[in-house]
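Inside the fold
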Amino acid sequence: MNVKGLGEIKAVAFDIDGTLYPERRLHLSAAPHYLRHIVFFVYYGLVRSKMHRLDCAVDFRSVQAQQMARFLHSSAQEAEEKLNAIVYDGLKKNFEKIQCYKDVPETFAALKHAGLKIALLSDFPPEQKGEIWGLKPYCDVILGSEFLGALKPAAYPFLETAKRLGVAPEHVLYVGNSIKYDVAGSLRAGMKSACLLTGVRALFRLPVKGADICFTSYRQLQNILLE
C-alpha cells in the first residue's frame, strides 16, 4: 500500500501502553497498589531507566532482577519473585477494567482488510493485557521487548519485529505515543513512525520532530493511511 509521504507500507506495528489505551486509566485503577508498594516502584523506575539504555539483547529478566536486588538488598531470585508478584502479576488484574481508545478495534480491522500485516511490540509483556481488547486475531506478530532482550529505543526489538513480519523495516510503520522510545526507536531501526498526540500536544496539534505522522484519534489515523 502506498501512503502519501511515506511510500510503500506493508505492515503497521503498534505499541500498547499509552498507545492503545490511556495510561492514566491504569494509574487511576492501580493507584492503591502503587501506594502500597511505593518504595518498590521508585526502585523499579530507576532500574527500568538503566535497562532502557541497553542497546544489545541480554537475558533481560535476569539482569533486571540483579539490578533490583541491589536496591532491595536481597538475592536476585527474591527480587525476581517480587517483580513477578508486584509488577507483572500485581498489575495484571487492572487491565480487565481498562478500555482501549475509541476506534482501535475498527482501525485494526480496517488495516487488516486493506491487506496490511499487523504487529504489537510492547516494553511490557503483551500477555499481561489478557485478550488485548480482542485485537489478537488481527495480529500477525505479538512481541514483548523484554522477551527479546532489549527495551525501546534500542533498534533490536524493532528490527526483530520486522524480521518476524517478513517485511523490510522501511516498509513498516510503527505507531506509538512516546517520542523518546517509540519515535526515536522506530526511526533508529529504519522504520516509518506515527505518534499519537495526547494532552497539550493534542490540544494545540503540536507536531513531533521526526515522526512521519502525528494523529489525535484512531479515526484520523485510518483516514491518513487508507485515504
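Residues numbered from 1 in each chain as written. Predicted model: local features only at pLDDT ≥ 70, side-chain atom pairs only at ≥ 80, totals over all residues. Heavy atoms only, no water.

Quick notes on the environment of Val104
Its location among the elements puts Val104 in helix α6 (residues 104–113). Residue Val104 is classed as buried on the basis of its relative accessible area, which comes to 0%. When the C-alpha positions of Val104 and Gln220 are compared, they lie 11 Å apart, and in sequence the two are 116 residues distant. What Val104 contacts, discounting residues up to four positions off in sequence, is Leu20, Leu135 and Tyr218. (Helix = DSSP H or I, 4+ residues; strand = E, 2+ residues; numbered from the N terminus. Buried < 20%, exposed > 50% of the residue type's maximum accessible area, 1.4 Å probe, protein only. Contact = heavy atoms within 4.5 Å.)

Here's the deal with the sheet that holds strand β8 (residues 213–215)
Taken together, the six strands give an open sheet; going across it, the order is β5-β4-β3-β6-β7-β8, and neighbouring strands pair in parallel fashion. Looking at which strands have only one partner, the edges of the open sheet turn out to be β5 (141–144) and β8. Put simply, the sheet's adjacent strands are angled 20° from each other on average, direction ignored. Relative to strand β7 (residues 192–196), strand β6 (residues 172–176) runs parallel, the two being bridged by four bridges. The residue bridging Leu173 from the neighbouring strand is Lys192, located in β7. Together, β3 (11–14) and β4 (117–122) form the strand contacts of α6, whose direction differs from that of β4 by roughly 135°. (Pairing = 2+ DSSP bridges. Axes fitted to C-alpha atoms, helices over the stretch in contact; angles between N-to-C directions.)

Section: the packing of α6 against helix α11 (residues 218–226)
Between α6 and α11, the least distance of the axes is 9 Å, while the angle of their chain directions is 15°. On the basis of the axis angle, α6 is roughly parallel to α11. Read as a crossing pair, α6 and α11 show a hand that is left-handed. Across from Val104, Glu106, Thr107, Ala110 and Leu111 in α6, the residues of α11 making contact are Tyr218, Gln222, Leu225 and Leu226. Grouping the constituent residues of the contact of α6 with α11 by class yields six nonpolar, two polar and one charged. (Parallel < 35°, antiparallel > 145°, perpendicular 65-115°, else oblique. Left-handed = near helix turned anticlockwise from the far one by under 90°. Nonpolar A, V, L, I, M, F, W, Y, C, P; charged D, E, K, R; others polar.)

What to know about the pattern of salt bridges
Working definition: two side chains of opposite charge can pair if their charged atoms are close together. Enumeration according to the criterion identifies nine salt bridges in this entry. Taking the shortest distance from any N to any O, the salt bridge between Asp55 and Arg188 comes out at 3.6 Å. Remark: Arg188 occurs in helix α9 (residues 179–188) and Asp55 occurs in the loop between α3 (38–52) and α4 (60–72); sequence separation between them is 133 residues. One salt-bridge network, held together by shared partners, links Asp15, Lys152 and Asp182. (Salt bridge = Lys/Arg side-chain N within 4 Å of Asp/Glu carboxyl O.)

Overview of the nonpolar core
By size, the foremost hydrophobic cluster in this structure holds 50 residues, and its most contacted members are Val12, Phe14, Leu20, Val87, Phe108, Trp133 and Leu173. Excluding residues within four positions of it along the chain, Leu173 makes contact with Leu6, Ile9, Ala11, Val12, Ala13, Lys192, Ser193, Ala194, Ile213 and Leu225. One finds Val141, Leu165, Val172 and Met191 within the second-largest nonpolar core, a separate group that totals 16 residues. (Core = buried A, V, L, I, M, F, W, Y, C linked by side-chain atoms within 4.5 Å.)

Brief notes about α11
Those residues of α11 that fall on the buried side of the exposure criterion are Tyr218, Leu221, Gln222 and Leu225. The buried residues of α11 occupy an angular sector of 100° when the element is viewed end-on, so they sit on one face. Against the buried residues of α11 lie β1 (2–3), β3, α6, β6 and β8. (Arc of directions from axis to C-beta.)

As for unusual backbone geometry
Each neighbour pair has its own omega, and for Lys152 with Pro153 the value is 15°, a cis peptide bond. Its place among the elements puts Pro153 in the loop between α7 (145–148) and α8 (155–165). Of note in the backbone geometry, His73 takes a positive phi value of approximately 55° without being a glycine. Along the chain, His73 turns up in the loop between α4 and α5 (76–92).

Some details on the packing of α3 against α4
Close contact between α3 and α4 brings their axes to 10 Å; oriented N to C, the two are set at 135°. In terms of orientation, α3 lies oblique with respect to α4. Judged by the sense of rotation from one axis to the other, the crossing of α3 with α4 is right-handed. Within the contact between the two elements, α3 uses Phe40, Tyr43, Tyr44, Leu46, Val47, Arg48, Lys50 and Met51 and α4 uses Phe60, Val63, Gln64, Gln67, Met68, Phe71 and Leu72.

Looking at the pairing of β3
Working note: regular strand, side chains alternate between the two faces of the sheet. Burial of the side chains of β3 extends over both faces: Ala11 and Ala13 are buried on one face and Val12 and Phe14 on the other. Sheet topology places β3 next to β4; four bridges connect them, and they run parallel. Of the residues in β4, the one forming a bridge with Val12 is Ile118. Direction of pairing for β3 relative to β6: parallel, over a ladder of four bridges.

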